[in-house]
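So you can see what is in the structure, the chains are spelled out below.
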Amino acid sequence: MSFLAWIILLALALTSPAFIMRAMGGKNWQRLHRFVYLAGAFAVVHYWWLVKSGVLTPWKVTAILTVLLLARVAHSVYKRQGKERPTLQVSKS
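Residues numbered from 1 in each chain as written. Predicted model: local features only at pLDDT ≥ 70, side-chain atom pairs only at ≥ 80, totals over all residues. Heavy atoms only, no water.

Caption draft 1: View of the overall build of the protein. Along its length, the protein carries five helices and zero strands. Ordered by position from the N terminus, the helices and strands of the protein form the series α-α-α-α-α. Burial status across the protein gives 12% buried among its 93 residues. Counting only contacts in the protein whose residues sit at least 6 apart along the sequence, the fraction spanning at least 24 positions is 44%. Summing over all exposed atoms, the protein offers an accessible surface of approximately 7800 Å²; the carbon and sulfur share of this is 69%. (Helix = DSSP H or I, 4+ residues; strand = E, 2+ residues; numbered from the N terminus. Buried < 20%, exposed > 50% of the residue type's maximum accessible area, 1.4 Å probe, protein only. Contact = heavy atoms within 4.5 Å. Areas by Shrake-Rupley, 256 points an atom, 1.4 Å probe, with all protein chains shown as cover.)

Written out as structure tokens, the structure reads:
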């Protein structure tokens, strides 16, 4: 798991410069950079595997990542609802 997280983070680091973003195109760059969420999940799983059974030290990191990911999902849903809401048109008479 940690190697997969490392590979994802390496890809993100290599594609971070502005000239590479322009070369990839904004949509493809954004699609690639969304893998950061997966890298975070892999890192948390690796942390749990790293500690001995019965040790609950990683729960803080897991809770923080969970809260941040849920906030990201809530923000996306809120943003999407705002776009889908029809606008009220006032007729000028």
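Caption draft 2: Main features of the side chain of His 33. If you trace the backbone, His 33 turns up in helix H3 (residues 26-33). What makes His 33 buried here is its relative accessible area of 17%. A polar contact is formed between the side chain of His 33 and the side chain of Thr 15, at a distance of 2.9 Å. Not counting residues up to four positions away in its chain, the partners in contact with His 33 are Leu 12, Thr 15 and Ser 16. (Polar contact = N/O pair within 3.5 Å; in protein donor to acceptor, adjacent residues only side chain to side chain.)

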